[in-house]
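Coordinates in review
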Amino acid sequence: MYESVTTAMREIGSAGVILNGQRDEGALLGNVRPPAQPPGRGWLVSRERGTELVQLAWLPPPE
């Protein structure tokens, strides 16, 4: 929570995605704590849209 990148994101109000984590880490963005989530599921936190549950996917780059 006190790393320079996380602190800067909080100060400028940047949007971010919170994935699986430990709730005792505290609120990372806005008032959202990292919950236990299945792989790829998380919370998109932004000033404009608030907090939304999202599912992310990853595909390997083409060879």
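Residues numbered from 1 in each chain as written. Predicted model: local features only at pLDDT ≥ 70, side-chain atom pairs only at ≥ 80, totals over all residues. Heavy atoms only, no water.

This part is about the side chain of serine 46. Tracing the backbone shows serine 46 in strand 2 (residues 41-46). A distance of 3.1 Å separates a polar atom in the side chain of serine 46 from the backbone nitrogen of arginine 49. (Helix = DSSP H or I, 4+ residues; strand = E, 2+ residues; numbered from the N terminus. Polar contact = N/O pair within 3.5 Å; in protein donor to acceptor, adjacent residues only side chain to side chain.)

Strand direction decides the pairing type here: strand 2 and strand 3 (residues 50-55), joined by six bridges, are antiparallel. Across the sheet, tryptophan 43 pairs through a bridge with leucine 53, a residue of strand 3. Between strand 2 and the antiparallel strand that follows it, strand 3, lie three residues. (Pairing = 2+ DSSP bridges.)

Per-chain confidence: the protein chain averages 86 in pLDDT, with 97% of residues scoring 70 or above. Summarising per-element confidence for the protein chain, the mean pLDDT is lowest in helix 1 (residues 4-12) (79) and highest in strand 3 (94). (pLDDT = per-residue confidence, 0-100.)

Our focus in this paragraph is the pairing of strand 2. Taken together, the three bridges between strand 1 (residues 16-18) and strand 2 define a ladder with antiparallel strand orientation. Along strand 2, the bridge assignment pairs isoleucine 18 with tryptophan 43.

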